Amino acid sequence: MVPTAGRRANERGVGDARSSTRIADTGGCLAETAVTESRLDILIETKHVLRDSLKLGDRVHGFDSGTPLFGSLPELDSMAVVTVITALEERFDIVIDDEEISAATFESLGSLSAMIARKLSG
Amino acid sequence: MPKPQLQPVYLEGPAGRLFAILVAPAPDQATNLGVVYLPPFGEEMNRSRRMATLQARSLAAAGVSVLLLDLFGTGESDGDFVDARWEIWREDVAVALRFLEQRGCSRRLLWGLRTGALLAAEVAADSASSVRDLVLWQPLPSGDAMINNLLRTRVAAAMDGSEPPVTTAALRATLGRGESIEISGYEVAPALAAALGSSRLEDCRLPSGASVRWLEIAAEAGRPLAPASQRLTAAWREAGLTVVSEVVAGEPFWALQEITLAPSLLDATLRSIHGSFPERARDRFSMSGR
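Report on the accompanying structure.

Analysis parameters
Residues numbered from 1 in each chain as written. Chains lettered and ligands numbered in written order. Predicted model: local features only at pLDDT ≥ 70, side-chain atom pairs only at ≥ 80, totals over all residues. Heavy atoms only, no water. Helix = DSSP H or I, 4+ residues; strand = E, 2+ residues; numbered from the N terminus. Rg over C-alpha atoms; globule rule 2.2 N^0.38 Å. Buried < 20%, exposed > 50% of the residue type's maximum accessible area, 1.4 Å probe, protein only. Contact = heavy atoms within 4.5 Å. Areas by Shrake-Rupley, 256 points an atom, 1.4 Å probe, with all protein chains shown as cover. Lys, Arg positive; Asp, Glu negative; His and termini not counted. Charge placed at Lys NZ, Arg CZ, Asp CG, Glu CD. Core = buried A, V, L, I, M, F, W, Y, C linked by side-chain atoms within 4.5 Å. 1 Å grid on protein atoms, 1.4 Å probe; cavity = no way out; pocket = protein on both sides within 12 Å on 5 of 7 lines; lining within 4 Å. Points joined across faces, edges and corners; volume = space filled by probe spheres on them. Nonpolar A, V, L, I, M, F, W, Y, C, P; charged D, E, K, R; others polar. Buried area = accessible area lost by both parts, 1.4 Å probe. Salt bridge = Lys/Arg side-chain N within 4 Å of Asp/Glu carboxyl O. Polar contact = N/O pair within 3.5 Å; in protein donor to acceptor, adjacent residues only side chain to side chain.

A few words on the overall build of chain B. Helix and strand content of chain B: 10 helices and 10 strands. Rg of the C-alpha trace for chain B: 19 Å, near the compact-globule value of 19 Å for 290 residues, within the 12% margin. With the C-alpha coordinates of chain B rotated into their principal frame, the extents come out at 60 × 40 × 35 Å. For chain B, buried positions account for 56% of its 290 residues. Pairs at least 24 apart in sequence give 74% of the contacts found in chain B among residues at least 6 apart. Split by element, the accessible area of chain B, about 11,900 Å² in all, is 50% carbon and sulfur. Positive and negative side-chain charges in chain B, numbering 29 and 33 respectively, have mean positions lying 6 Å apart.

What follows is the structure, encoded as structure tokens:
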């Protein structure tokens, strides 16, 4: 089950420094909740896309930002990578570039959702 | 009830001999409806073969004759993939339709998956085909969407460092220079890529009175159609066609390595062929008398 109260430490990913900066700009605990929850939402949504595109089923419940993807999930062959990319583009309304179709981006759930978060905030 | 039989069939296509599997109803179960299945592109065809066969069996058990066609240059048909051309494929479909007509299928519909759906729509838009009814599985709005998909598959294939990285722009440039490119073991000729790339569902002027059953899979049944699908189905309705769309729960089986089934899609398709052409219900289930 995904924790609803608080977040596990290892679900903080790259970009929390940036979210702190945004908190400094806007001020207030409410703003902090809004920014960091959206990062968690991205991770959860990305997990769902992986589950649906790759037919992973209940295994995704145990996924966190450190879960390795490319090279660890046998389902993730080149055709499946493209299915995932297309589904992410549709889900988040973003465009993924060739450079992002890389082992680095797909290294873990954390690196993948961080890429999406960068696109959404950029 | 005896299980529908699978029979190999050999047809003379314009560029070479075609292989197809006829999934025929038992003679006393046969109706006058014949269906030609048009598979998706490249490796997607292999990954969806089991679904196509299961669907064909369930249709045949309901009295429908189904021809699972290997287009020229694919499967067991003659020709290498690099020799395949969109125009040849259109003619292959016409040959398959004539085969069913000669077997006594006085009504014929085309059932296509992904790029097969594009091909089906193009053939139906050609009045010479006499096809008015389509069953489209996960239609792509355009062939260019498939080209992008293919190029990205090649980019993804380099992720493990087994080959130098490549860009979709560089691959397009290679095609532009008249050179074929290799995707997942399939050599794609520039002429095929160009014709596929310029194929668009919105350009297919289906005949008046045409009926389209549009089926997509999503994580859950009842989700809305993809935005492009909504636009296309709306345009066809505006043109006076009967379009029934449905989103069923399932995985993208055409893209998954592990053979994956979408039972909801099988059920919905069988139901649609039973029920979505109600204006011809009597005609559809009349005994063929042959």
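Having put the structure on the table, let's press on.
A few words now on the nonpolar core. Across soluble globular proteins, nonpolar side chains have a tendency to be buried as a group. Membership of the largest hydrophobic core comes to 95 residues, with the highest contact counts inside it found for B:Trp89, B:Leu110 and B:Leu134. If you look at the next biggest cluster of nonpolar residues, it comprises 28 residues, including B:Val23, B:Leu68, B:Val135 and B:Leu266.

This part is about empty space enclosed by the protein. Applying the stated criterion across every chain, the model contains 5 cavities of 30 Å³ or more. One number sums up the size of the second largest cavity: a volume of about 100 Å³. Forming the boundary of the second largest cavity are 13 residues, of which A:Met79, B:Phe41, B:Glu43, B:Leu150 and B:Ser184 lie nearest the centre. Secondary structure elements with two or more residues in the lining of the second largest cavity: helix H1 (43-47), helix H5 (143-157) and strand S8 (186-188) of chain B. The greatest single-element share of the lining of the second largest cavity, amounting to 4 residues, is contributed by H5(B). The residue makeup of the lining of the second largest cavity, split by class, is 7 nonpolar, 4 polar and 2 charged.

With 22 residues of chain A at the interface, the matching set in chain B holds 24 residues. For chain A, the biggest contributors to the area lost against chain B are A:Lys55, A:Met79 and A:Asp98; these three give 33% of the whole. The tally of links between chain A and chain B comes to 3 salt bridges. For A:Lys55, the salt bridge goes to B:Glu258, with nearest N and O atoms at 3.6 Å. Connecting chain A to chain B are 5 residue pairs in polar contact (both at pLDDT 80 or more). Looking at the side of chain A that touches chain B, the elements with two or more residues in it are helix H2 (29-54) and helix H3 (78-92) of chain A. Of all the elements, H3(A) adds the most residues to the side of chain A that touches chain B, at 9 residues. Class assignment of the residues belonging to the side of chain A that touches chain B gives a composition of 12 nonpolar, 5 polar and 5 charged.

Distances and angles like these do not, on their own, reveal function.
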